[in-house]
Structures are given as C-alpha cells and as structure tokens.
Amino acid sequence: MNKKRCSWAGPEEIYIRYHDEEWGNPTHDDRELFEMLILESFQAGLSWITILKKRENFKKAFDDFDVEKVASYDDAKVEELRLNEGIIRHKGKIASAINNAQVFIEIQEEFGSFDKYIWGFTDGEIIKAEYLTESELSKEISKDLKKRGMKFVGPTIIYSYLESIGVIDNHQEDCFKY
C-alpha cells in the first residue's frame, strides 16, 4: 500500500527516504544540528535535491560535520574543498561553514549545547503546520545568529532549517507523518 506523503516528497527515492526518515523529526544531537545548518546554508539558491545527492560527499569533505574540525580548517583545507567536485564549491559558502562552526562552538559554550540554544526559542515546543517560507520565529533566530557572526542564515534558510530539525512540523494534513 502506498503511503500518502507531502507533495514535495518524491518521486526520487532519495527525497522519499529523507521525508520518511528525517524531515521534521525533532533533532537534539548537536552534530546533526550542525550538519543540517551547514547543508541548509549550502542549499541557498539551489534545490534541496542537489544537496541531498551530494550529502555523502559533504560528510566526507567536512569530516562528518565534526564542528571542532570544521572550525579549525586552514587555507589548505579551504583550497581542498574548492577543488572537490563532489560538493558545492562556492568560496563564500565554504568560508561561512568554517565561520559558522566557530560561532556554533561559541553558542555551545554559552548555552551548554546548540540544542538548548535552538530549541530554547520555542521552549522545546514543536510549531505545528505553518506552510510558510519564513516566519517571525525564523526572522528572530536569523537575526540572533547574524548578530553572533553567522553567515548564510537568512530567515528563509533558517525556516527550512527549523523544518528539517523538527522545530517546525510542516507535514501536510494528508501525509502519514502529520
């Protein structure tokens, strides 16, 4: 029997797996939160399917999204990433990933974890079905992250990020995950 899914989830298997196994699931692991933040930042101006298809390459290139390692990347590593055809080689996005890793660590130090920081905006509550591309919440978080020094974290990117990590649950009403 075919499951009803959100209209965007398909037809490609990689989209279906992402929808069924990850998207909208509440995420509290800082490594996973960092991974999704980096992937959402690289997605800016591109389709999400492009990122999903390159995700394994990103994992290898960015040391399995180990925030400490990414924060310490030097010029040689940046050049290695710029030459890596398996990822998005945008110089600004690569630089922002390193910068954002450093800010991510500062947030972890201030709040005890990035999880406490990001979920603190909703007191740990999940926002149900807004079906927007940005919201007051994503604007507030974007503004705070930018104030802290992060890049490529505009309100639309942050809204997608919040959906991906389960802070915002935007599964459609006829979806089996609603």
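What comes next concerns the included structure. (Residues numbered from 1 in each chain as written. Predicted model: local features only at pLDDT ≥ 70, side-chain atom pairs only at ≥ 80, totals over all residues. Heavy atoms only, no water.)

1. Brief notes about the pattern of salt bridges
Under the counting rule described, the total for this entry stands at 15 salt bridges. Residue Lys 53 pairs with Glu 12 through a salt bridge whose shortest N-O separation is 3.2 Å. Within this pair, whereas Lys 53 is found in helix 3 (residues 48–61), its partner Glu 12 is found in the segment before helix 1 (13–21), the two being separated by 41 residues in sequence. For Lys 53, a relative accessible area of 51% puts it in the exposed group. The shortest N-O distance in the salt bridge between Arg 148 and Asp 144 comes to 2.7 Å. Remark: Asp 144 and Arg 148 occur in helix 8 (residues 136–148); sequence separation between them is four residues, near one turn of the helix. Taking relative accessible area as the criterion, Arg 148 reaches 23% and is therefore assigned partly exposed. Its relative accessible area of 14% is what places Asp 144 among the buried residues. Each of Glu 22, Arg 31, Glu 35, Arg 55 and Asp 64 takes part in salt bridges that share partners, so that together they form one network. (Salt bridge = Lys/Arg side-chain N within 4 Å of Asp/Glu carboxyl O. Helix = DSSP H or I, 4+ residues; strand = E, 2+ residues; numbered from the N terminus. Buried < 20%, exposed > 50% of the residue type's maximum accessible area, 1.4 Å probe, protein only.)

2. Overview of the nonpolar core
Counting residues in each nonpolar core, the largest one holds 52 residues, and the members touching the most others are Phe 62, Phe 114, Ile 118 and Leu 162. Residue contributions to this core peak at eight residues, all from helix 6 (residues 91–111). Excluding residues within four positions of it along the chain, Phe 114 makes contact with Asp 30, Leu 33, Phe 104, Ile 107, Gln 108, Leu 145, Met 150 and Tyr 161. (Core = buried A, V, L, I, M, F, W, Y, C linked by side-chain atoms within 4.5 Å. Contact = heavy atoms within 4.5 Å.)

3. Observations concerning the side chain of Thr 27
Locating Thr 27 in the fold gives a position in the loop between helix 1 and helix 2 (30–43). What makes Thr 27 buried here is its relative accessible area of 11%. For Thr 27, the residues in contact, after removing those within four places along its chain, are Glu 32, Leu 33, Asp 115, Trp 119, Ser 164 and Ile 165.

4. So, the environment of Glu 125
Inspection of the secondary structure assignment puts Glu 125 in the loop between helix 7 (114–120) and strand 1 (127–128). When its relative accessible area of 52% is taken as the criterion, Glu 125 is described as exposed. With 108 residues separating them along the chain, Glu 125 and Arg 17 place their C-alpha atoms 25 Å apart. Aside from chain neighbours lying at most four places away, what touches Glu 125 is Trp 119 and Val 167.

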